[in-house]
Amino acid sequence: MISGVAQVQVLGAQKYAVHVQMDPHALASRQVGINEMKTSLKNWNVNLPTGAIIGSAARLTCKPAGS
């Protein structure tokens, strides 16, 4: 809390998402299950820093929430 600040609004926030379309026939022909795809996507999807705030005394790295 900051003295004199009554309210703060954060606008334009967006949750990051990965959308994947899988072809069940192509997966089956390669003997890959949907659970394996899910695990692979979870392990290889990385949340990277999205920028920085640079001040006279410090530099802060901004990163997605939850990372």
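A few points on the structure. (Residues numbered from 1 in each chain as written. Predicted model: local features only at pLDDT ≥ 70, side-chain atom pairs only at ≥ 80, totals over all residues. Heavy atoms only, no water.)

Observations regarding the overall build of the protein
Counting its regular elements, the protein contains two helices and two strands. Walking the protein from its N terminus toward its C terminus, one meets helices and strands in the order α-α-β-β. In the protein, which comprises 67 residues, the share counted as buried stands at 3%. If you sum the accessible surface of the protein, you get close to 6,800 Å²; carbon and sulfur atoms cover 56% of it. (Helix = DSSP H or I, 4+ residues; strand = E, 2+ residues; numbered from the N terminus. Buried < 20%, exposed > 50% of the residue type's maximum accessible area, 1.4 Å probe, protein only. Areas by Shrake-Rupley, 256 points an atom, 1.4 Å probe, with all protein chains shown as cover.)

Re the pairing of strand 2 (residues 59–62)
In terms of strand pairing, strand 1 (residues 51–54) meets strand 2 through four bridges, oriented antiparallel. By the bridge assignment, Ala52 is partnered in strand 2 with Thr61. Hairpin remark: strand 1 followed by strand 2, antiparallel, with four residues in the connecting loop. (Pairing = 2+ DSSP bridges.)

Some details on unusual backbone geometry
You will see that Gln31, though not glycine, has its phi angle at about 55°, which is positive. Among the secondary structure elements, Gln31 is positioned in the loop between helix 1 (24–29) and helix 2 (34–44).

Structural notes on a nonpolar patch on the surface
Together, Val20, Met22, Ile34 and Leu41 make up a nonpolar patch on the protein surface, roughly 320 Å² of accessible area in all. Tracing the backbone shows Leu41 in helix 2. (Patch = residues over 30% accessible without salt bridge, like charges linked within 9 Å, V, L, I, M, F, W, Y side chains within 5 Å. Salt bridge = Lys/Arg side-chain N within 4 Å of Asp/Glu carboxyl O.)

That's the geometry; what it means functionally is another story.
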